[in-house]
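So the chains spell out like this:
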Amino acid sequence: MDEPENSPRAESQSPTPAHAVPSRGPDRPRGHRDAGGAARRRRNRALGIAAALAVTVTTASAGYAAIARTAEDAPQYTKPRVRAGAVDFPVAGGTTTVDTASLRVTGHTGHGTAVPVSDAAADADGFGRPGKVEVHGSHASWSYPARGLRVTAAGESGRLLMTVRSEKDGTLAWPVTGKGAGTGARGASLQIPRGEGLSVPVADRFWNSRQAGLVGTDDDLATGSLTLPLWGYASHGHGVSYLVPESIGTSLGFASADGRLNATAKHEFSRRERTLDYTVAFSLTSASPVAPAADYHRWLGEHGQLHTLKQKIAENPEVGKLLGAEHAYLWGGARDAEAVRTLRKQGNTRLWLGYDADGHPMSRDAVAEARKLGYLVGPYDSYDNGQDPETADTPIAKWPGRVYPDFCVRDAKGTIATGFGARGCYLSSEAFAKSEPTEHYLARHTEEMTKNGANSVFVDVDAAGELFSDFTGSHPMTKRQDRDNRMDRVRTLADKDHFVVGSESAVSWSASALAFDHGAQTPVNDGLWAFQKDKTKWGAYYPADAPGQFFHPTTLPASLAKSMFDPAYRVPLYETALHDSLVNTDRWEMPYDKLPAQKKDRALMSVLYNTPLNFVLGDQNLASTGKEMAALQHYFAPLHKAAGTERMTAFHWLTEDHLVQHSVFGDGTLTVTANFGTTAHDGLPGGCVDAKLKDEPKARRLCPANG
């Protein structure tokens, strides 16, 4: 399939086999399938760029970005060019120049326009005098002896690829985005992979305030705070993409200076964590807000790390039941077989049904009925928490033998890592990995959780939770090992046990192993956690058959509503990168009815992004919400069945206020226009969405309501 129109460089790719996160190496095999294999990790790197691709954006009325191969934009050399204090590298769309004294990076388009890429490293004053630049083929390298750092850089596959290696533990604050000469223009914007994605104007007063939840934060690129290991910057019709292929050890911090938002990456060099190498890939792109994600999708394909939904369905046809399905968690009597039959009578043809691990799972008869109707059904589970079995507040925190406390994660001082909500402890994935071949704790746990015949499992935390360094003598672990362990056990559920597996807020490194996730679509402002603590407004964990946490409608504070759900700032970075890899939706404690004021916009986004909605059903709302879900599912199902496995190949704003938006999937398999405004645009009323399938003569229209 062709690269999306907003990609920084179009290049036909041969099909790439499935590949997950980097393998743990030959020292400790776990017996799991290496989906990639050595041959599958071969890299297609073009070390010289004979001709670059210039990406330009047409007017909003034309609605599409164009890609053109032009000789005038191609650099006239294919190797690094060393100049006094700087090195030039060829990239798609022009060249990039690195100042060796400070790591400042500047791009130059084929037409000579300067594009700020990175300001000097925040701690460049401590670099000292750089060593002599050495050129070997397409690579240039130099050192900073005073800091024990060595930089290697090259133009590869149209990108500037830079690796900084440290001889010792330490930090590096770089690259620096949105600071320095040529930045901060009024129309400039930052693209941030918080949840589905944001594109925020750097000069906007709200986004420069603490209320927006960016300024003063430092988000880890390897956990659910940011769902993709990238960010972007656009200004004056040009863009820059920043990609950190190995995200462990790197965070992205946001600050405001002179009323302008900026971002700085910080990498922690650690010998113990094996993060002494820090690689960043830079691309010159169009000003499209999703160009960084399009570049990341291309990177995944080039490096054998893209495991598509089509491949997953071929490996397990049950995964195909996700296509066209809305998602819902069941409570109380809604877990009964009769309630399941009611859902089908209401018109819900495809559903994913989940239930909490509260000691009252769906019965074997109810699960059998759900499966007979073609639904996916399974428990919400977790391997992350251990508590004293005598006092545990949930069945899934009760483990046999000495799992608790022997498997608890401990820091360098030997202190146990207290579990979520000050409950028990976080359990070490390494302890489980070491014991599983003989003790089978996880296998037996899963067998117990799914003995009712469930065909799906949702594993809390594993795809997004905090990654731990464990200093326990019997099961020491690095964050990278923790990540690999978590994905190994998810793959066991999918590949060996043949469940349709989902997890929480799936960070991109987990996408190859999962079929779906709940939460990666939600761009959470950390102020949400404080708001949720107000049980009067948010709702509590009771009553057991309809917890207010899920069922109590609430009104978000204005700052949370704007920073999380205002469509003028939401952009589909996640879908551009991963729509053809897994099914993505909102967090389970933020179901469709939870936020009445956002219902209409969320329904429009569901169609625009071709992603399902998440619901919660109990005795009191089964009739009303079940029917509402059926109506939305009736509209959504044919669109998702047709395009759910396709790439999102284009996204555009059609109006200056960004409230009319357009998306394309595949080669036109599905085209969608959503009007989040209040006035009609080109015949489309405000608050409505038109979705047209390629083989149908006219668009299907949906005009949902709030409340």
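Because the structure is predicted, anything quoted here is derived from the model rather than measured.

Colleague: Whenever I open this one, helix α4 (residues 364-372) confuses me. Can you help?
Modeller: Because an α-helix packs 3.6 residues into every turn, residues spaced three or four apart end up facing the same way. Of all the positions in α4, only Ala366, Val367, Glu369 and Ala370 are classed as buried. Looking straight down α4, one finds that the buried residues subtend no more than 160° of arc, so they occupy a single side. The exposed residues of α4 that point more than 90 degrees off its buried face are Arg364, Asp365 and Lys372. Contacts made by the buried residues of α4 are with α3 (337-345), β22 (351-355) and β23 (376-381). Gly374 occupies a position one or two residues after α4 and carries a positive phi of about 90°.

Colleague: I would appreciate a short explanation of the packing of helix α6 (residues 429-439) against helix α7 (residues 441-449) in the present structure.
Modeller: Think of two packed helices as two axes; the pair is described by the angle between the axes and how far apart they sit. Between α6 and α7, whose axes approach to 7 Å, the crossing angle comes to 75°. Here α7 runs roughly perpendicular to α6, going by the angle between their axes. Counting all contacts with α6, which are made through Phe432, Ser435, Glu436 and Glu439, the residues of α7 involved are Tyr441, Leu442, Ala443 and Arg444.

Colleague: Quick question: what am I supposed to make of the packing of aromatic side chains here?
Modeller: By convention here, two paired aromatic rings are described through the distance between centres and the angle between planes. For the structure shown, the criterion picks out 23 aromatic pairs. Summarising the aromatic geometry, the rings of Phe407 and Tyr441 are spaced 5.8 Å apart at their centres and angled 80° between planes, so their arrangement reads as edge-to-face. Here Tyr441 lies in helix α7 and Phe407 lies in the loop between α5 (403-406) and β25 (425-426), a separation of 34 residues in the sequence. Given a relative accessible area of 11%, Phe407 falls into the buried group. Its relative accessible area of 15% is what places Tyr441 among the buried residues. Each member of the aromatic cluster is reached from another via a ring pair, and the members are Tyr329, Trp331, Trp352, Tyr380, Phe458, Phe516, Phe550 and Trp588. Above the face of the Trp331 ring, Arg335 is positioned so that its terminal group lies 5.4 Å from the ring centre. One residue, Lys594, lies across the ring of Trp538, its end atom 4.4 Å from the ring centre.

Colleague: Please clarify how the environment of Thr418 should be interpreted in this entry.
Modeller: Note on placement: Thr418 falls in the loop between α5 and β25. Remark: the alpha-carbon pair of Thr418 and Asn385, spanning 33 residues in sequence, is separated by 9.2 Å. Non-local contacts of Thr418, meaning those with residues more than four positions away in its chain, are made with Arg423, Gly424, Cys425 and Tyr426.

Colleague: Honestly, the sheet that holds strand β34 (residues 688-693) in this entry has me stumped. Any pointers?
Modeller: Sheet strands pair by backbone hydrogen bonding; their relative direction is either parallel or antiparallel. Read from one edge of the open sheet, five strands run β31-β32-β33-β34-β35, paired in antiparallel fashion. Where the open sheet ends on each side, the last strands, each with one partner, are β31 (648-653) and β35 (700-702). Geometrically, the sheet is characterised by an average inter-axis angle of 15° between neighbouring strands, direction not taken into account. Direction of pairing for β31 relative to strand β32 (residues 660-665): antiparallel, over a ladder of five bridges. Bridge pairing in β32 places His652 opposite His662. Relative to β32, helix α14 (residues 599-609) is tilted by about 35°, and along the sheet it contacts β31, β32, β33 (670-675), β34 and β35. Sheet strands in contact with helix α15 (residues 622-643) are β32, β33, β34 and β35, and its direction is about 40° off that of β34.

Colleague: Could you clarify how one ought to interpret the nonpolar core in this entry?
Modeller: Core analysis: the biggest nonpolar cluster contains 149 residues, and Leu103, Trp142, Leu160, Met162, Trp174 and Leu353 have the highest contact counts within it. Ignoring anything within four residues of it in the chain, the contact list for Met162 reads Val98, Leu103, Val105, Trp142, Val151, Thr152, Ala153, Trp174, Tyr278, Thr279, Val280 and Phe282. Counting 16 residues, the second largest nonpolar core, distinct from the first, contains Val319, Tyr329, Leu376 and Trp588.

Conventions and cut-offs
Residues numbered from 1 in each chain as written. Predicted model: local features only at pLDDT ≥ 70, side-chain atom pairs only at ≥ 80, totals over all residues. Heavy atoms only, no water. Buried < 20%, exposed > 50% of the residue type's maximum accessible area, 1.4 Å probe, protein only. Helix = DSSP H or I, 4+ residues; strand = E, 2+ residues; numbered from the N terminus. Arc of directions from axis to C-beta. Contact = heavy atoms within 4.5 Å. Axes fitted to C-alpha atoms, helices over the stretch in contact; angles between N-to-C directions. Parallel < 35°, antiparallel > 145°, perpendicular 65-115°, else oblique. Phe/Tyr/Trp six-rings, centres within 6.5 Å; stacked < 30°, edge-to-face > 60°. Lys NZ or Arg CZ within 6 Å of the ring centre and 35° of its normal. Pairing = 2+ DSSP bridges. Core = buried A, V, L, I, M, F, W, Y, C linked by side-chain atoms within 4.5 Å.

In short, the description is geometric, and any link to function would need to be established separately.
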